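Examination of the molecular architecture
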Amino acid sequence: MILQVILIALVCYFLGNHNGAVCVSHMLGDDVRSHGSGNAGLTNFVRNYGAGSSVLVILIDVLKAVLACAVGRVFLAPYGLALEGATLGGVCVMLGHDFPALLGFRGGKGILSGWFIAFMVDWRIGVLIGIVFFASYLLTQYVSLGSVLSAVTFVIGFVVFHHDNLPVMLGGVFMGALTVFMHRGNIVRLIKGEERKTNLLQKGKSK
């Protein structure tokens, strides 16, 4: 089983390296990381290229998360560890997204991929994350606030629903905590009242 775990880790980590915002901005002859916040995430992409082109970004980041969890589940299901495998795949794809070796370790913050990892491991947690994010965003227009609250919901959801499965619970807590960590700059700006609001339906800027 050790070989299977290593294969899951490698395959899913490098899946995570395929960052949707970077891939699509490269298709447009540009690099999203050279604009705005410099982050390779959906919010920075929408701010600079508009919502229209973001559909492909979302598709890439969602598909890699779903595929990674599926790979982990398939590899470890024969050992009776399907849920643990899906969680392992999720952890590794998120690490690949946040710290991509193929992109100079300059990745995104993992909220979109994390949301669908949650769905793949436990749909109840995915639903809760969606409710918290969209309620927070619609009320405040702060994507970062919705993301941080969603990450906290991620942690709480895994503790509540999977406290009897230590590997799954710890994997969920790690992913949620990592997402909060990746938003540390946003948290500081929110506290100072300096965070920028975002219209996720805005048109792109001309380059």
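Everything here concerns the structure above.
Residues numbered from 1 in each chain as written. Predicted model: local features only at pLDDT ≥ 70, side-chain atom pairs only at ≥ 80, totals over all residues. Heavy atoms only, no water.

1. Side note on the overall build of the protein chain
Looking only at helices and strands, one finds 10 helices and 0 strands in the protein chain. In sequence order, the protein chain lays out its α and β elements as α-α-α-α-α-α-α-α-α-α. Against the 2.2 N^0.38 benchmark of 17 Å for 207 residues, the protein chain shows a C-alpha radius of gyration of 17 Å, consistent with a compact globule. Within the span of the protein chain, comprising 207 residues, buried residues form 48% of the whole. A separation threshold of at least 6 residues defines the contact pool for the protein chain, and within that pool the share at least 24 residues apart is 66%. Split by element, the accessible area of the protein chain, about 9800 Å² in all, is 72% carbon and sulfur. Distance from the positive charge centre (15 side chains) to the negative charge centre (9 side chains) of the protein chain: 9 Å. (Helix = DSSP H or I, 4+ residues; strand = E, 2+ residues; numbered from the N terminus. Rg over C-alpha atoms; globule rule 2.2 N^0.38 Å. Buried < 20%, exposed > 50% of the residue type's maximum accessible area, 1.4 Å probe, protein only. Contact = heavy atoms within 4.5 Å. Areas by Shrake-Rupley, 256 points an atom, 1.4 Å probe, with all protein chains shown as cover. Lys, Arg positive; Asp, Glu negative; His and termini not counted. Charge placed at Lys NZ, Arg CZ, Asp CG, Glu CD.)

2. With respect to the packing of aromatic side chains
In this description, an aromatic ring pair is defined by two values, namely the gap between the centres and the angle between the planes. According to the stated counting rule, one finds 9 aromatic pairs in the structure shown. Put simply, the rings of Trp115, Phe116, Phe119, Phe133, Phe134 and Tyr137 touch in pairs and so form one group of aromatic residues. The ring of phenylalanine 181 is capped by arginine 184, whose NZ or CZ atom sits 4.0 Å from the centre of that ring. Residue placement shows lysine 197 over the ring face of tyrosine 142; its charged tip is 5.4 Å from the ring centre. (Phe/Tyr/Trp six-rings, centres within 6.5 Å; stacked < 30°, edge-to-face > 60°. Lys NZ or Arg CZ within 6 Å of the ring centre and 35° of its normal.)

3. What to know about the nonpolar core
One finds Cys12 and Ile117 to be the most contacted residues of the largest nonpolar core, which totals 27 residues. Among the elements that take part in this core, helix 4 (residues 54-76) stands out by supplying 6 residues, more than any other. Every residue in contact with isoleucine 117, bar those within four places of it in the chain, is listed here: Ala65, Cys69, Gly90, Val93, Met94 and Met175. Core analysis: the second largest hydrophobic core is formed by 9 residues, Val24, Ala40, Phe45 and Val57 among them. (Core = buried A, V, L, I, M, F, W, Y, C linked by side-chain atoms within 4.5 Å.)

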